[in-house]
Amino acid sequence: MEIPYTVTARPDTGLWNAKVGIWLFLASEVMLFGGLFSAYIFLRLDAEPGVWPHGLLNVPVGTMNTAILIASSVTVVLAWASLKMRRFNAYWWYMLATISCGVIFLFVKLYFEWPQKFDHFGAYIKPSALEKYEPYLGNKHLLSEGLAPRVEITGHLHNHEALHDPNIKEYEIGLDPIYTDPTNPKMDRPHFLYVPPTDKIAKIDKADVERATMFVPSHSTYFATYFTITGLHGLHVLGGVIVFIYFWLPVGSKLYRQNPEHLANRVEVARVVLALC
Amino acid sequence: MLISFGSSFSHSFTCSKAMNNPPSTEPIEQETEHYAPQSHDVSKHVRGYLMVGATLLIFTALTVFLSYVNFGTQKANIAVAMVVATFKAGLVAYIFMHLSAEKKLIYRILIFTAIFVLGLFWLTYLACNAIRSFTNVA
Amino acid sequence: MTWMRLPFFVWAQFVTAFLLLLAFPPLESAIVMQLMDRVAGTSFFLPSGLVVNGAQVHDQRRRQSLCSGNTSSGSSGIRKFTCSFCRAWALSRKLSRTTPANRSGVTKSLVLAALVLGFLSFIVWAHHMWLTGMGTIVSAFFQTTTMIISIPSVIILSAFFISLWGGSIRFTVPMLFATAFLPMFGIGGLTGIPLAFNSADLYLHDTYYVIAHFHYIVAPGTIFAVFAGDLLLVPESNRAQDERFLGQGAFLAVAHLHERHLPANVFAGHARDAPPLVRWRPGLDAGGRESVGLERIPLEFADFHRRLGHGTRPNPFHHQLFLEHSKRKKVDDNPWEATTLEMDRAVAAAAWELCRRPGCLPWTVTSTACPVVKGFHDADRAGPA
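It should be emphasised that the depicted structure is a prediction, and the values quoted were computed from it without experimental measurement. (Residues numbered from 1 in each chain as written. Chains lettered and ligands numbered in written order. Predicted model: local features only at pLDDT ≥ 70, side-chain atom pairs only at ≥ 80, totals over all residues.)

Draft legend 1. Region of interest: the overall build of chain C. Looking only at helices and strands, chain C features 13 helices and zero strands. When the helices and strands of chain C are placed in sequence order, the string is α-α-α-α-α-α-α-α-α-α-α-α-α. Taken across its 385 residues, chain C has 36% of its residues classed as buried. (Helix = DSSP H or I, 4+ residues; strand = E, 2+ residues; numbered from the N terminus. Buried ≥ 20, exposed ≤ 12 C-beta atoms within 10 Å, placed from the backbone.)

Draft legend 2. Inspection of the overall build of chain B at higher detail. Summing up its helical and strand segments, chain B has four helices and zero strands in all. Tracing chain B from N to C terminus, the helices and strands come up as α-α-α-α. Counting over 138 residues, chain B shows a buried share of 19%. Residue pairs at least 24 apart in sequence account for 57% of intrachain contacts in chain B once pairs closer than 6 positions are excluded. (Contact = placed C-beta atoms within 7 Å.)

Draft legend 3. Quick look at the interface of chain A and chain B. With 47 residues of chain A in contact, the opposing surface of chain B contributes 44 residues. Looking at the side of chain A that touches chain B, the elements with two or more residues in it are helix 1 (17–45), helix 2 (59–84) and helix 10 (260–276) of chain A. It is helix 1 of chain A that provides the largest number of residues to the side of chain A that touches chain B, a total of 13 residues. Looking at the side of chain A that touches chain B, its residues break down into 28 nonpolar, 13 polar and six charged. (Nonpolar A, V, L, I, M, F, W, Y, C, P; charged D, E, K, R; others polar.)

Draft legend 4. Structural context of the sheet that holds strand 2 (residues 152–157) of chain A. Residues and elements named next belong to chain A. Strand order in the open sheet made by the five strands is 4-3-2-1-5, with antiparallel pairing throughout. Every other strand in the sheet has two partners, leaving strand 4 (201–205) and strand 5 (209–214) as the edge strands with one partner each. Averaged over neighbouring strand pairs, the angle between their axes works out to 40° when direction is ignored. Where strand 1 (residues 120–125) and strand 2 come together, five bridges link them in antiparallel fashion. Residue pairing for strand 2: Ala123 is matched across the bridge by Ile153. (Pairing = 2+ DSSP bridges. Axes fitted to C-alpha atoms, helices over the stretch in contact; angles between N-to-C directions.)

Draft legend 5. Quick peek at the nonpolar core. Among the nonpolar cores identified, the biggest contains 106 residues, and Ala79(A), Trp80(A), Met95(A), Val267(A) and Ala114(C) are the most heavily contacted of them. Here this core takes 16 residues from helix 1 of chain A, the largest share from any one element. Not counting the four nearest positions on each side in its chain, Met95(A) is found in contact with Ala79(A), Phe244(A), Phe247(A) and Trp248(A). Val173(C), Met175(C), Phe181(C) and Ala228(C) belong to the second largest nonpolar core, which has 21 residues in total. (Core = buried A, V, L, I, M, F, W, Y, C linked by C-beta atoms within 7 Å.)

Draft legend 6. Focus on the confidence of the model for chain B. Residue and element names in this part refer to chain B. In the predicted model, chain B carries a mean pLDDT of 66, and 58% of its residues have values of at least 70. Averaged pLDDT values over the elements of chain B bottom out at 36 in helix 1 (residues 2–20) and peak at 85 in helix 2 (residues 43–66). Every residue in residues 1–37 scores below 50 in pLDDT, and together they form 60 contacts with partners more than four places removed in sequence or on other chains. Ignoring residues within four places in sequence, the model shows residues 130–138, a span with pLDDT below 50, making 21 contacts including any to other chains. (pLDDT = per-residue confidence, 0-100.)

Draft legend 7. Quick peek at the pairing of strand 2 of chain A. All names here are of chain A. Within strand 2, five of the six residues are buried, leaving the element largely enclosed by the surrounding structure. Direction of pairing for strand 2 relative to strand 3 (residues 170–175): antiparallel, over a ladder of three bridges. Each residue of the ladder has a partner; that of His156, found in strand 3, is Gly174.

Draft legend 8. Fine view of the environment of Lys200(A). Residues and elements named next belong to chain A. Looking at where Lys200 falls in the secondary structure, it is placed in the loop between helix 6 (177–180) and strand 4. With 27 residues separating them in the primary sequence, Lys200 and Ile173 have C-alpha atoms 8.1 Å apart. With residues up to four places along the chain from it excluded, the contact list for Lys200 reads Leu175 and Thr180.

Draft legend 9. Representation of helix 2 of chain A. Helix length check: helix 2 of chain A, at 26 residues, gives a terminal C-alpha distance of 38 Å against a target of 38 Å (1.5 Å per residue), a fit within 8%. Just beyond helix 2 of chain A, the residue with positive phi is Arg86(A), at close to 60°. (Expected span 1.5 Å × (residues − 1).)

Draft legend 10. Expanded view of the packing of helix 1 of chain A against helix 7 (residues 221–248) of chain A. All names here are of chain A. Interhelical geometry of helix 1 versus helix 7 gives an angle of 165° and a closest axis separation of 11 Å. Here helix 1 lies roughly antiparallel to helix 7, going by the angle between them. For helix 1 against helix 7, the interelement crossing comes out left-handed. Here Leu36, Ala39, Tyr40 and Leu43 of helix 1 lie close against helix 7, whose contacting residues are Thr221, Thr225, Thr228 and Ile229. (Parallel < 35°, antiparallel > 145°, perpendicular 65-115°, else oblique. Left-handed = near helix turned anticlockwise from the far one by under 90°.)

Draft legend 11. Molecular detail of the environment of Met184(C). Residues and elements named next belong to chain C. Relative to the elements of secondary structure, Met184 occurs in helix 6 (residues 173–195). For Met184, a count of 21 C-beta atoms within 10 Å translates into the label buried. Through-space distance from the C-alpha of Met184 to that of Val218 is 9.7 Å; in sequence the pair is 34 residues apart. For Met184, the residues in contact, after removing those within four places along its chain, are Tyr216, Pro220 and Leu257.

Draft legend 12. Expanded view of unusual backbone geometry. The backbone phi angle of Arg86(A) is positive, close to 60°, even though this residue is not glycine. With respect to the element layout, Arg86(A) can be found in the loop between helix 2 and helix 3 (88–118).

Draft legend 13. Fine view of helix 4 (residues 104–127) of chain B. With 24 residues, helix 4 of chain B should cover 34 Å at 1.5 Å per step; its first-to-last C-alpha distance of 35 Å lies within 8% of that length. Looking only at helix 4 of chain B, the buried set comprises Ile106(B), Thr113(B), Phe116(B), Val117(B), Leu120(B), Leu123(B), Thr124(B) and Ala127(B).

Draft legend 14. Up close: the pairing of strand 3 of chain A. All names here are of chain A. Side chains Tyr171, Ile173 and Leu175 of strand 3 all project onto a buried face; the interleaved residues Glu170, Glu172 and Gly174 project onto a face where none is buried. In the sheet, strand 3 pairs with strand 4 via five bridges, with the strands oriented antiparallel. Opposite Gly174, over in strand 4, you have Ile201 as the bridge partner.

Draft legend 15. Spotlight on the packing of helix 2 of chain A against helix 2 of chain B. Interaxial distance between helix 2 of chain A and helix 2 of chain B falls to 10 Å at its minimum, and their mutual angle equals 165°. Considering the angle they form, helix 2 of chain A stands roughly antiparallel to helix 2 of chain B. The handedness of the crossing between helix 2 of chain A and helix 2 of chain B comes out as right-handed. Counting all contacts with helix 2 of chain A, which are made through Val59(A), Thr63(A), Thr66(A), Ala67(A), Ile70(A), Val74(A), Val77(A), Leu78(A) and Ala81(A), the residues of helix 2 of chain B involved are His45(B), Val46(B), Tyr49(B), Leu50(B), Gly53(B), Leu56(B), Leu57(B), Thr60(B) and Val64(B). Looking at the contact of helix 2 of chain A with helix 2 of chain B residue by residue, the class counts come to 13 nonpolar, five polar and no charged.

Printed below as a string of structure tokens:
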């Protein structure tokens, strides 16, 4: 049985059905991410001054990942255009390029960007113990500059057992560069290129620590927001990759032989959602 | 008025139409699909797509650059970032998703979304309490 | 068929669909954040004392925030509209029987008010959470929109009143419920006005006054409408002997509602039994009790009835429902003496015959291949016989 109005326009709306449907769905998606974005703005603006972390994201990798995803949205539009122009070979190659870009994006995110954070450690120092760690925090310098004090020491955790073992009384951290030279004005703003933790070890007593975790969602609201939004976004990208694989493989693309316009419309509908992601 | 309409309709419909013209039991013929390429020439748009792609990459670089510029207050910083992001999303929607070629129905669906999302963002700005801070918030 | 000839129930459904599309996703994002709270130990909704970094608390109560938090705009609007569903259904049928003269003016204002109500319901949600520490600017905004949204609500209620004008009303049991709805809903609306102000709500928040307010709105809007609609579907010839019995049931329902909730409106301030704020940890259920084991299931059942009370305990309506559906009598074509098309069984039977043709799908109605719609058009052009 043939579903009507997949290609020809409906008389009352003037459009084929899926087009109206997909824009309705997209409206709901915009509201979903809009809600999450407004949560981020809300949390960011109302955070205590100075406690919102900065400089923790790897900017060049993130930029490159964004560029890859933008390239995938360009290639998917070209794939759709090839279908409309009835060039199946070009469609096949462009779709392959789209899927590859999506997979590379997910790969970089799941095997590089996120693990880099999961391996990073941060310990919040109790207010009463802040003077003790002044050599690492450099708060006197910050206060004299009118900047907010630092309350966290981050770096690479050398003794992972300390997280679980209550008998180990201190953390051994390979400090991030900012804590090795805290009074240097260059350290006040985040760097563009990622600088890895140094070898300078700092021993921090567990008694002086308010909370200490790796950079996971429960570490701070910053990371909670980051992982929630990028995680949901990544799930959407994964769904899109699966859909595009279906349209690329013969099982989906054999529709081209019977009704190429229908396949073009299906690809258009999928790309409408994904291009925004 | 409605009573007369209802009863007359039912009367006319059931007694005359249905009885004298029994319903046809043939299957409904579906719309014939067009197999020819669309009339609007897609190939002309391909160059446009590539240019938009390049623009998006440029604006990504701009976003990264602007993240290092301090516009005074945190609200302004976030506002600038959101404006650039909205512009990019709008460009994608307009060109890549062919919004420029859509009918008014789609616009009418989306205008409410736009109003509500922007309203949501604006409300979060309203909700930000002015607190004494080291870096200027308000 | 034109837009204005659609029954009001269809209009209410249309606006509700629009609300579902745009208001549920922010609720979904709130759900995602709460899921992260539970699973990943984040602190989107937990008070800032538990996790550092001074993140502004969204709401003190996670449950409340889920329903009306910063990112779940309009879910309260959904509740408004699911109510208007039911009330619109039963009422529009009831009221159409009285056939007022200037129906088109009433319909237009009803429809416009419903559309405006739907739109405004997106920007009032924070009136459920005055006490979360929002600033004066934000609360001023929401107080204004909440006051404005009372206007279309009043218009709708007034339109329902007006549609009774000029009709000859027979107080059958469904009509009893429909007319009972009107003043009850009015009481509910009026008691909502103090709650719309941050300053007055300070004293009324979390008290039984709020419970009373929304019970006056919701119970007539849904329960009365459901009862009326259900009873409406029963032809009158089947109902005559039960009329007195059911009429008493209607009276019971109204009296019971007043008995439970009017005191709260009068003696406002009795604090609600709030559960203690327990920091949730894995092993607790949603109420803060130790985790649900199988032995709790019978307990939960009994508790369900205790909490829902009147709706689930045996009452005259259960009796009536059982009776109705067990006896059948033959009826003629229009047992309800309805005046609108959807109630005309002859029309429905004829349409059913045509719609059973092979290949006739629901969306065929939009094409010229559908003879039912074509018949309507032809009848329109022909005019009343």
